[in-house]
Amino acid sequence: MLGVASKAFFQTLSHSRTLKTLASRYGMSGPRTFARRFIAGERVEDAIAAVRGIEAQGLLHTLDYLGESVASLAAAQAATREYLALIEEVDRAGVERNLSIKLTQLGLDVDRAICVDNLRKILAAGERCGFFVRIDMESSAYTQATLDILDTVWRHGSRNVGVVLQSCLHRTEQDFDRINALGARIRLVKGAYREPTAVAYQQKSDVDAAYVRLARRLLTEGHYPAIATHDERILDAVKRFAAEQHIPPDRYEFQMLYGIRRDLQSALRDEGFRMRVYVPFGREWFPYFMRRLGERPANVGFVLRALVAER
Ligand SMILES: Cc1cc2nc3c(=O)[nH]c(=O)nc-3n(C[C@H](O)[C@H](O)[C@H](O)COP(=O)(O)OP(=O)(O)OC[C@H]3O[C@@H](n4cnc5c(N)ncnc54)[C@H](O)[C@@H]3O)c2cc1C
C-alpha cells in the first residue's frame, strides 16, 4: 500500500544525517523557506508570533517545542528546562496556554523515572499558570509506557494532562477504556508512524473505519475529546454523528496541524466549531518534517518547487 510504503521510506530517510544537515541549512533559513510551511520557526519568538496570528483568526492552538528520542540525560534535562522557560514566555505573552510534548524528549529512552520526574515538573509549573499539557503518542514501542506514565501522574493528582490514541493500532479500543475510565482527555489521531502488521492495521480503509468507530465513542463517552484529522470524509461523519446525538460543539474540539488544510481549519471555525492548530517550533524539526512528507508524498513537490523558487 502506498501510504505504508511512503511512511516507511520517509521514516528511513529521517535517520539520514546528510539529509538532516542539508535540510537544516536551507529549510528554515528564511521566512518563506520550505520547512516554514509546517513549522512555525526555530525560536520561541517565532512560535509566539505564529500563535498570535492563529488567535487573531479565531482559532485555538497547542505549542510543540520540537524534539524526540533524546539519548542522554543532559539532553532530556535541557528539553525540560526549555519547556519550563516556554511556560514562562507564554505566560508573559498572554496567549492561550496549551502544550504538546513527547516523552522520549523528556528522557523515556534514557531513564524512565527521570522522564516521569521531568514531566511532573512541567505539569506542576503548567498547573500554576493554567496550562493544559497533551502527551503526544509516539511509535507503538512507546504506547504502553506512555499510557502507564499518564496513569502515574494522574494518580498523583495531575489533572491538566491528556494523551493521544492512534486508530491504526489494534490495542486502541482497550486503551480507550482504560484512559477514559481515568477521566483523562483523549486526542484521537490515525497514527503517524510505520507500524508492523502484528500491532497495526495496514489498510487505510481499516484505519479510517477504526477512527470513525473510536470518534463516535469519544463523542458520547469521552471527556472533552479532540478529533485530530484533516480527513474531510471523517470530519463530515463526525459532525453528522454529533448533530444526530445532540452533542453541542463546545463538548469537543477539532485539531489540525500547522500549515495543513488551512481552508478546512477556517471552514470549521466559520461553522461554529472549536478548531485547535498544532504549532511545532524549534531547531529539531527534521523528524517531524519528514513525517509530514511521508503522509503526503505530494508535499515533496511542494518542497522542490519552493527550493527552485528560492534560488
Ligand atoms: C493536532 C494533531 C496532533 C497529532 N498528534 C499525533 C500524535 O501525537 N501521534 C501520532 O502518531 N500522530 C499524530 N498526528 C498525526 C496523525 O496521526 C496523522 O498522521 C495525520 O494527521 C494525517 O492523517 P489524517 O487524519 O489527516 O488523514 P489522511 O488520510 O492521512 O489525510 C487526509 C487528508 O488530509 C490532508 N493531509 C494529511 N496529511 C497531510 C500532510 N502531511 N500534508 C498535506 N496534507 C495532508 C490531505 O488532504 C489528505 O488527503 C497528529 C495530527 C494532528 C492533526
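Above this note sits the structure.
Residues numbered from 1 in each chain as written. Predicted model: local features only at pLDDT ≥ 70, side-chain atom pairs only at ≥ 80, totals over all residues. Heavy atoms only, no water.

**Student:** Any chance you could break down the overall build of the protein chain for me, citing the residues and the numbers?
**Tutor:** Scanning the protein chain from terminus to terminus reveals 12 helices and 8 strands. Over its C-alpha atoms the protein chain spans a radius of gyration of 19 Å, differing by no more than 12% from the 19 Å that the globule rule assigns to 311 residues. Considering only C-alpha atoms, the protein chain reaches an extent of 55 × 45 × 40 Å along its principal axes. Contacts in the protein chain between residues far apart in sequence, at least 24 positions, make up 72% of those at least 6 positions apart. When the accessible surface of the protein chain is summed, it comes to about 14200 Å², and 52% of that surface belongs to carbon and sulfur atoms. Computed over 45 positive and 38 negative side-chain charges, the separation of the two mean positions in the protein chain equals 3 Å. (Helix = DSSP H or I, 4+ residues; strand = E, 2+ residues; numbered from the N terminus. Rg over C-alpha atoms; globule rule 2.2 N^0.38 Å. Contact = heavy atoms within 4.5 Å. Areas by Shrake-Rupley, 256 points an atom, 1.4 Å probe, with all protein chains shown as cover. Lys, Arg positive; Asp, Glu negative; His and termini not counted. Charge placed at Lys NZ, Arg CZ, Asp CG, Glu CD.)

**Student:** Before we move on, can you summarise the environment of D109 with the specific residues and values?
**Tutor:** With respect to the helices, strands and loops of the structure, D109 is situated in the loop between β2 (98-101) and α5 (112-128). On the accessibility criterion, D109 (43% relative accessible area) is partly exposed. Remark: the alpha-carbon pair of D109 and V161, spanning 52 residues in sequence, is separated by 21 Å. Apart from residues lying up to four places away in sequence, D109 is in contact with S69, V70, T104 and Y142. A polar contact is formed between the side chain of D109 and the side chain of Y142, at a distance of 2.8 Å. (Buried < 20%, exposed > 50% of the residue type's maximum accessible area, 1.4 Å probe, protein only. Polar contact = N/O pair within 3.5 Å; in protein donor to acceptor, adjacent residues only side chain to side chain.)

**Student:** Break down unusual backbone geometry for me, with residues and values.
**Tutor:** Apart from glycine, the bulk of residues carry a negative phi angle, and the bulk of peptide bonds sit in the trans form. Backbone geometry at Y224 places phi at a positive 40 degrees, although glycine is not the residue there. Among the secondary structure elements, Y224 is positioned in the loop between α8 (204-221) and β6 (226-228). With phi around 50 degrees, R261 is a residue other than glycine that occupies positive phi space. Among the structural elements, R261 can be located in the loop between β7 (253-257) and α10 (262-270).

**Student:** Got a sec to walk through the side chain of N299? Specific residues and values, please.
**Tutor:** Here N299 is to be found in helix α12 (residues 298-310). We classify N299 as buried; its relative accessible area is 8%.

**Student:** Give me the lowdown on empty space enclosed by the protein, citing residues and values where you can.
**Tutor:** Applying the stated criterion across every chain, the model contains 1 cavity of 30 Å³ or more. There is about 40 Å³ of room inside the largest cavity. What lines the largest cavity is simply S167, L169, H170, T172, E173, Y201, A210, R213 and L214. Only α7 (172-182) and α8 provide two or more residues apiece to the lining of the largest cavity. Residue composition of the lining of the largest cavity, by class: 4 nonpolar, 3 polar and 2 charged. (1 Å grid on protein atoms, 1.4 Å probe; cavity = no way out; pocket = protein on both sides within 12 Å on 5 of 7 lines; lining within 4 Å. Points joined across faces, edges and corners; volume = space filled by probe spheres on them. Nonpolar A, V, L, I, M, F, W, Y, C, P; charged D, E, K, R; others polar.)

**Student:** Describe the site of the ligand, with residues and values.
**Tutor:** In the vicinity of the ligand, 25 residues are found, and the nearest of them are G191, K204, T229, H230 and E295. Between Q166 and the ligand, the recorded distance is 2.9 Å, taken from a side-chain N or O atom to an oxygen atom. Take A192: an N or O atom from its main chain is 2.9 Å from an oxygen atom of the ligand. Burial of the ligand by the protein chains amounts to 87% of its free accessible area of 930 Å². If you list the elements that add at least two residues to the shell around the ligand, you get β4 (161-166), β5 (185-189), β7 and α11 (286-295). Of all the elements, β7 adds the most residues to the shell around the ligand, at 3 residues. Here the shell around the ligand is built from residues that sort into 10 nonpolar, 6 polar and 9 charged. (Near = heavy atom within 4 Å.)

**Student:** Run through the layout of surface pockets, naming residues and quoting values.
**Tutor:** In this model, the second largest pocket occupies a volume close to 970 Å³. If you go around the second largest pocket, you meet 39 residues; those closest to its centre are K20, E68, S69, E284 and P287. If you list the elements that add at least two residues to the lining of the second largest pocket, you get α1 (2-13), α2 (17-26), α3 (44-56), α4 (73-93) and α11.

**Student:** Could you give me a rundown of a nonpolar patch on the surface, with the residues and numbers involved?
**Tutor:** A contiguous nonpolar surface patch, about 250 Å² in accessible area, is contributed by L19, L22 and Y26. Following the sequence through the fold, L22 ends up in helix α2. Overall, L22 belongs to the partly exposed group, its relative accessible area being 40%. (Patch = residues over 30% accessible without salt bridge, like charges linked within 9 Å, V, L, I, M, F, W, Y side chains within 5 Å. Salt bridge = Lys/Arg side-chain N within 4 Å of Asp/Glu carboxyl O.)

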